[in-house]
Amino acid sequence: MLAGEINVKNVWWVLSAVLLPLFIIIPIISIFLNLEIGTVISKINQPIVYEALRVSFSTSLISILLVVILGTPLAYVLASKDFKGKRLLDSLVDLPMVMPPAVAGVALLMAFGRRGLIGQSFGLNVSFTFAAVVLAQIFVAAPFFVRAAKSSFQAVPKELKSASLTLGVTPWRTFWRVTLPLSAPGLMGGLVMSWARALGEFGATIMFAGNFRGVTQTLPLAIYTAMESDFQAAMVISALMVIISLAVLILVRHLTNQ
Amino acid sequence: MTLSINVKKQLGKLSLQADLQIDQGLTVLLGPSGCGKTTLLNLIAGLMVPDKGEIIFGEKVYYHSETKCHVPVYKRNVGYVFQAPTLFPHLTIKENILYGAGRQAEKELHHLLSLLRIEKLEQRMPVQISGGQAQRVALARALITKPNILLLDEPFSSLDNFVRQKVRVDLMNVLKEYNIPAILVTHDLEEALMLGDKIAVMDEGNILQYGLAKEIFTRPANRKVARFVGMKNIYQGRVKEAVPHKGVLIEGKKFDVEVPYFPVIEGTNVVFGIRPEDVLYLRPERDFSVKENTLKVRIVNIIEEKSLYRLLLRVTTDYYDIEMLLPRHVVDKRGLKAGDFCKVSLQKKALHIIED
């Protein structure tokens, strides 16, 4: 900043630089101000809380596993090969990120529900089950991982791969010995962001998986439900999720700054 | 073990066409940027696939378009040193060198480290060593896999001058000991002459001339090659008289010369040249007996170079006609300066007929 360009003492600059951060931090702090330790301890033992924790963590773990297994080869292909329709595929993979989550839910219902496209062909009905939660999470979270993985793979210089090949190492082993170690930080960052998105998913989940406690009621769904019946429980879950979000943020920054 | 290459490749605007037989020793691919020399190297390595042709090393067929045979890079056992060091940043120097080698190579490792003067760097990371050291590590890494052939793509271009000289010597030592054929790509004439046993001069995707380094240097096949190897004095003329056992008289556009006899029909248009360092300065008090192609010239300009002076001489009304290189002490002792007249001789054996 050149001298004279921005006068930090100028009230307008201060105002504009501070308003948005304030707007973000005040609501977040408000959650914690309404809690007492006693409340937290007693609420954690309520079924609505610990069931939601169980559903959220078990579904998201499975979702992330599937996202990584399916997303990594896809990201690698998008990063290294040029082919007809590549741009289309790229955009397709990004689509869930711009879609309204509720719409995603409806779409999943139309595909995998009892009278859905896939549902009818295979005689399945996945809607309103544990599996539906997983599918909804994968749908919304996958783009985050694939995008991050793709740019991490692209960041590995091509010459390094060529060098590895000339030294007699097959492309498969080159991936494990060169590409993966060098893109690991980016991949981890993508994984964590993707997991955070999966955990926070609400719209698609409630449309496609429904809100059945202990089966499909994830943490966000539990907050929604608890707001009417047990306000304090909603606070506790919210506070928990804020802490998780903070942890995610710190973790991602740490991993990608390596 | 001969590497036989006969390939065609179209890459954007470049139409590469090469037909070469490469033997033991170091072969240099010399040419300006964009001439296709790196592409040719990549075709040999297998990093690129030709459009047509064959690449055969000894008895192994690396590529053959007729039979649709293309041996992948990692099966060709070629060593490749890239322009930039290209070390694996997440591995130590030792791990880098041993990357492609088996476990038995550990003994070989120490020998290579001392030969290339990179001992004590084993545990360092690539970011911690200098460019010259990194290129030597890259060399060690390629050699330890005992390749059939070593390919180098302008390996010294990223190094500064002083380091470059040292690493060149390292390369020569290492090649002498390992005795594998090597192909080195460069655009630097000096480097080509210093390192190459044979040189292939390339331009715009074609091989203009291929032969022993000395041959290329003194007997360039055509004008392009001549200019590339620094034969600056190139002239056009017509054969006036051809007498066996005596010589050939050429009526040049700028001046006449007599060259050693070669079979040619009188009246033929020829192009001839002479290297600037072969233009002989005649000392007025001593060299009056020299009669070969003597010319009285006027010094137009004297350009200072590293250890010599480059004199631009005029015979006709052009700005200058002949370039001559003289050691500093001669110019200084004689007090030569622009505007002076002097006599030079174009020795018959130094004049070279260039086919056009």
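Given the structure is predicted, the values throughout are model-derived calculations rather than measurements. (Residues numbered from 1 in each chain as written. Chains lettered and ligands numbered in written order. Predicted model: local features only at pLDDT ≥ 70, side-chain atom pairs only at ≥ 80, totals over all residues.)

Section: the overall build of chain B
- Within chain B, the regular secondary structure consists of 9 helices and 21 strands.
- Expressed as a percentage of its 356 residues, the buried residues of chain B come to 38%.
- Summarising the internal contacts of chain B: among those between residues at least 6 apart in sequence, 64% fall at separations of at least 24. (Helix = DSSP H or I, 4+ residues; strand = E, 2+ residues; numbered from the N terminus. Buried ≥ 20, exposed ≤ 12 C-beta atoms within 10 Å, placed from the backbone. Contact = placed C-beta atoms within 7 Å.)

Focus: helix α4 (residues 86-98) of chain A
Residues and elements named next belong to chain A.
- With 13 residues, α4 should cover 18 Å at 1.5 Å per step; its first-to-last C-alpha distance of 19 Å lies within 8% of that length.
- The largest bend along α4 reaches roughly 25° and is located at Leu 92, with the proline Pro 96 sitting one to four residues downstream.
- Within α4, only 1 of the 13 residues are buried, leaving the element largely exposed. (Expected span 1.5 Å × (residues − 1). Bend = angle between axes of the 7 residues up to and from the residue.)

Looking at the nonpolar core
- Ranked by size, the top nonpolar core spans 78 residues in total, and within it B:Leu29, B:Ile44, B:Ala140, B:Leu151, B:Ile183 and B:Val201 carry the most contacts.
- Of all the elements, helix α4 (residues 131-143) of chain B adds the most residues to this core, at 7 residues.
- Core analysis: the next-biggest nonpolar cluster, separate from the first, contains 54 residues, A:Leu78, A:Val134, A:Ile206 and A:Val236 among them. (Core = buried A, V, L, I, M, F, W, Y, C linked by C-beta atoms within 7 Å.)

Here's the deal with the interface of chain B and chain A
- Listed as interface residues are 16 residues of chain B and, on the opposing side, 13 residues of chain A.
- Looking at the side of chain B that touches chain A element by element, the count peaks at 3 residues for strand β7 (residues 78-81) of chain B.
- A class-by-class count of the residues in the side of chain B that touches chain A yields 9 nonpolar, 6 polar and 1 charged. (Nonpolar A, V, L, I, M, F, W, Y, C, P; charged D, E, K, R; others polar.)

Quick look at the pairing of strand β17 (residues 294-304) of chain B
All names here are of chain B.
- Here 5 bridges tie β17 to strand β20 (residues 341-346), and the two strands are oriented antiparallel to one another. Among the inter-strand pairings, Leu 295 is bridged to a residue of β20, identified as Val 344.
- Pairing of β17 with strand β18 (residues 308-314) involves 6 bridges; the strand directions are antiparallel. Paired with Ile 303 across the strands is Arg 310, a residue of β18. (Pairing = 2+ DSSP bridges.)

Here's the deal with helix α1 (residues 11-33) of chain A
- In α1(A), a bend of some 30° at A:Leu19 exceeds every other bend along the element, and A:Pro21, a proline, comes one to four places later.
- With 0 of 23 residues buried, α1(A) lies mostly on the surface of the structure.

Topic: the environment of B:Pro32
Residues and elements named next belong to chain B.
- Here Pro 32 lies in the loop between β3 (26-30) and α1 (37-45).
- Look at Pro 32 and you get exposed, because 12 C-beta atoms sit within 10 Å.
- Distance from Pro 32 to Asp 203, taken between C-alpha atoms, is 6.7 Å for residues 171 residues apart in sequence.
- Contact partners of Pro 32, with chain neighbours within four places excluded, come to His 187 and Asp 203.

As for the sheet that holds strand β12 (residues 233-243) of chain B
Residue and element names in this part refer to chain B.
- Taken in spatial order, the 5 strands make up an open sheet running β14-β13-β12-β15-β21, and their pairing is antiparallel. The sheet is open, and its two edges are formed by β14 (256-259) and β21 (352-354), each paired on a single side. The sheet shows a mean angle of 45° between the axes of neighbouring strands, direction not considered. (Axes fitted to C-alpha atoms, helices over the stretch in contact; angles between N-to-C directions.)

Looking at the pairing of β7(B)
Residue and element names in this part refer to chain B.
- Residues Val 78 and Tyr 80 point to one face of β7 and Gly 79 and Val 81 to the other, with burial holding for every one of them.
- Two elements, β7 and strand β8 (residues 149-153), share 4 bridges in a ladder whose sense is parallel. Residue pairing in the sheet places Gly 79 in a bridge with Leu 150 of β8.

Overview of the domain arrangement of chain B
All names here are of chain B.
- Segmenting chain B into domains produces domain 1 (3-227) and domain 2 (233-354).
- Averaged C-alpha coordinates put domain 1 and domain 2 at centres separated by 39 Å.
- Taken together, the contacts link 6 residues of domain 1 with 5 residues of domain 2.
- Looking at the side of domain 1 that touches domain 2 residue by residue, the class counts come to 2 nonpolar, 2 polar and 2 charged. (Domains from an automatic or database assignment.)

Remarks on the confidence of the model for chain B
- Residues with a pLDDT of 70 or more make up 100% of chain B, whose mean pLDDT is 90.
- For this predicted complex, the interface confidence reaches an ipTM of 0.82, while the overall pTM sits at 0.81. (pLDDT = per-residue confidence, 0-100.)

Focus on the sheet that holds strand β16 (residues 279-282) of chain B
All names here are of chain B.
- On the basis of which strands lie adjacent, the open sheet formed by 5 strands has the order β16-β20-β17-β18-β19 and antiparallel pairing. Strand pairing shows two members of the sheet lacking a second neighbour, β16 and β19 (322-327), which therefore form its edges. Between one strand axis and the next, the sheet turns through 50° on average, direction left out of account.
- Summarising the sheet, β18 and β19 pair through 6 bridges and their orientation is antiparallel. Looking across to β19, one finds that Leu 311 is bridged to Met 324.

Description of the packing of helix α3 (residues 47-80) of chain A against helix α7 (residues 130-154) of chain A
Residues and elements named next belong to chain A.
- The N-to-C vectors of α3 and α7 enclose an angle of 35°; their axes lie 6 Å apart at closest approach. Our pair here, α3 against α7, has a crossing hand that is right-handed.
- By residue class, the composition of the contact of α3 with α7 is 20 nonpolar, 8 polar and 1 charged. (Left-handed = near helix turned anticlockwise from the far one by under 90°.)

A closer look at the environment of B:Val169
All names here are of chain B.
- Residue position: Val 169 is located in helix α5 (residues 161-178).
- Owing to 12 C-beta atoms within 10 Å, Val 169 belongs among the exposed residues under this scheme.
- Considering only alpha carbons, one finds Val 169 and Leu 195, 26 residues apart in sequence, at a separation of 8.9 Å.

Let's talk about unusual backbone geometry
Residues and elements named next belong to chain B.
- For Lys 68, which is not glycine, the phi dihedral falls at a positive 55°.
- Within the element layout of this structure, Lys 68 appears in the loop between β5 (60-64) and β6 (69-70).
- Phi at His 245 is positive, roughly 70°, even though this residue is not glycine.
- Its place among the elements puts His 245 in the loop between β12 and β13 (247-252).
- A count of 5 C-beta atoms within 10 Å places His 245 in the exposed class.

So, the environment of B:Val174
Residue and element names in this part refer to chain B.
- The topology assignment puts Val 174 in helix α5.
- Taking C-alpha positions, Val 174 is 34 Å from Pro 276, a pair spaced 102 residues apart along the chain.
- Setting aside anything within four residues of it in sequence, one finds Val 174 in contact with Leu 115, Leu 116, Leu 139 and Leu 143.

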